[in-house]
Amino acid sequence: MSQDYHQMWSDLGLDLDAHDALLDVLSKAYGDIYLSQNHRPETMQYFDFVMSEVHGLRIKELLDEKEQGRKIIGSYCVFVPEEIVLAANATLIGLCSGADFATEEVEQFLPRNTCALIKSSFGFKLGKVCPYLESADLVVGENTCDGKKKAYETLNDLVKNLYVMDLPQVKSNQGRKLLKSEYYRFKTEVENLTGKTITTDALKKGIQIVNNKRKAIHRLSNLRRSNPSPISGLDALLTNQVFFYDNPERFTDSVNKICDELEQRIKQKIGVFPESTPRILLSGCPMAVPNWKLPWIIESSGAVIVGEESCVGERGVRNLTNDSVNTVDELMEAIIDRYFKIDCALFTPNPDRLNHIKEMVEAYTVDGVIHYGLQFCQPYIMESIPVEKVLEKNSIPILRVETDYSMEDVGQLKTRIEAFIEQLK
Ligand code: SF4
Ligand code: SF4
């Protein structure tokens, strides 16, 4: 990395030694897991470049835009509507929470038995290693699971400009009313932050930009229905992860370029693994960069991941927002309708998620499901039991995995996953 970036990181208040250590971990993991894959689409090179510049050029681009008056809003959850942020000419960035950092310091603020994702968001703050978090003009938390709710009370003392959005837990009329009032409150907050009043045209444009990103991912997902799969699950996961912090229009173009290449591969029957490779659906907690452990174990154990039932995956992108209405209030209603469909495990009851998993099994001709629960994540671990029951009732093999971000259990996980894959052959 050039010295210019060191000055930029220093200006952001990052701890340069800790930050260098994080970048080393990131680039080693990326090299070992991504660059060693076989038969990758050539168009994935753009994503390799994005990853190599994730704390470099992309941050510089955001800071340059910020100098021109464009605000940066950070978020930890797919319930934060990017459409509203774009309509006020701001940028929404997903804040990574996919690696352990500053664990000892984190455990002075959070109980040890907190999920790794929440601990990671604290670690990145306490370790002063995340340029996105330090650049953000507003950081949005959300009242989803109990862990996050209580953690934001503490994070409020550590992060300037933390804004907490309340979210419903039941899909009732009351629940929708709560979401509506919270999305209007958020719209006002964004307007105050940016000094811009959101107009119909701007909101429509914001919706179209985000819908185009989602449509590109839909196109990619459809191509993954082919056998042999033209792209690995690891590469598909990476595109879903980059969704959260790249420039949206550039991201859409890049994913469409991958799809153009994959269409050619499919015509020529070129796959990343042989046709007989067992096809896995990964379901459960979201996987933020650089949380590639489980997909890497699965794909280095003789299977291919063909879909992710996850917020960094199909749960996060499957629904589009209606842009065919003509007032700000009608567009806001369309946004509320779209987000109220997200079937996060925070909802009770949550039958839509079970149905969606079954639909995905059929659509992607899946041989087995691996349910990923982050250790201490009550919503998803609790829900893994009904998921298992429904799938077993439908004779679909399932393996429930509970893990965290450490590498200590890799050997044990590999043994279990290899045995599961063997049973699918
Ligand atoms: S799993 Fe739930 S809380 Fe987590 S990002 Fe998705 S919607 Fe948000
Ligand atoms: S992984 Fe589970 S416990 Fe952790 S933040 Fe998400 S929903 Fe909450």
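Draft legend 1. Looking closely at the packing of aromatic side chains. Applying the stated rule across the entire model yields 15 aromatic pairs. Ring geometry for Phe 101 against Phe 124: centres 6.4 Å apart, planes inclined by 85°, an arrangement best described as edge-to-face. Highlighted residues: Phe 101 in the loop between β2 (91-94) and α6 (103-106) and Phe 124 in helix α7 (residues 116-126), separated in sequence by 23 residues. Residue Phe 101 shares its accessibility class with Phe 124, and that shared class is buried. Aromatic side chains Tyr 132 and Tyr 245 sit 5.7 Å apart centroid to centroid with 45° between the ring planes, which places their arrangement in the tilted category. Taken together, the residues Tyr 132 in helix α8 (residues 131-135) and Tyr 245 in the loop between α12 (233-242) and α13 (248-267) connect sequence positions 113 residues apart. Residues Tyr 132 and Tyr 245 agree in their burial class; the two are buried. Members of the aromatic cluster, each reached through a chain of ring pairs, are Tyr 46, Phe 47, Phe 243, Phe 244 and Phe 251. Cation over ring: Arg 225 sits above Tyr 364, and NZ or CZ is 5.2 Å from the ring centre.

Draft legend 2. A look at the site of ligand 1. Cys 77, Val 78, Phe 79, Thr 144, Lys 148, Pro 286, Cys 311, Arg 315, Cys 344 and Tyr 380 make up every residue found near ligand 1. Residues lining the shell around ligand 1 come from more than one domain, with at least three contributed by each of domain 1 (3-196) and domain 2 (204-319 + 345-424).

Draft legend 3. Quick look at the packing of α7 against helix α9 (residues 146-155). The N-to-C vectors of α7 and α9 enclose an angle of 15°; their axes lie 10 Å apart at closest approach. Judged by the inter-axis angle, α7 sits roughly parallel to α9. With respect to the hand of their crossing, α7 and α9 are arranged in right-handed fashion. The segment α7 lies against α9, with Leu 117, Ile 118 and Phe 122 engaging Gly 147, Lys 148, Ala 151, Thr 154 and Leu 155. Here the residues of the contact of α7 with α9 are counted per class, giving five nonpolar, two polar and one charged.

Draft legend 4. Layout of the site of ligand 2. Cys 115, Ile 118, Cys 145, Lys 148, Cys 285, Leu 374 and Cys 377 make up every residue found near ligand 2. Residue contributions to the shell around ligand 2 reach at least three from each of two domains, namely domain 1 (3-196) and domain 2 (204-319 + 345-424).

Draft legend 5. Here's a closer look at the nonpolar core. Among the nonpolar cores identified, the biggest contains 127 residues, and Phe 79, Trp 292 and Ile 370 are the most heavily contacted of them. When residues of this core are sorted by domain, at least three fall in each of domain 1 (3-196) and domain 2 (204-319 + 345-424). In this structure, Val 306, Met 360, Val 366 and Leu 391 belong to the second largest nonpolar core, which totals 14 residues.

Rules used in this analysis
Residues numbered from 1 in each chain as written. Chains lettered and ligands numbered in written order. Predicted model: local features only at pLDDT ≥ 70, side-chain atom pairs only at ≥ 80, totals over all residues. Heavy atoms only, no water. Phe/Tyr/Trp six-rings, centres within 6.5 Å; stacked < 30°, edge-to-face > 60°. Helix = DSSP H or I, 4+ residues; strand = E, 2+ residues; numbered from the N terminus. Buried < 20%, exposed > 50% of the residue type's maximum accessible area, 1.4 Å probe, protein only. Lys NZ or Arg CZ within 6 Å of the ring centre and 35° of its normal. Near = heavy atom within 4 Å. Domains from an automatic or database assignment. Axes fitted to C-alpha atoms, helices over the stretch in contact; angles between N-to-C directions. Parallel < 35°, antiparallel > 145°, perpendicular 65-115°, else oblique. Left-handed = near helix turned anticlockwise from the far one by under 90°. Contact = heavy atoms within 4.5 Å. Nonpolar A, V, L, I, M, F, W, Y, C, P; charged D, E, K, R; others polar. Core = buried A, V, L, I, M, F, W, Y, C linked by side-chain atoms within 4.5 Å.

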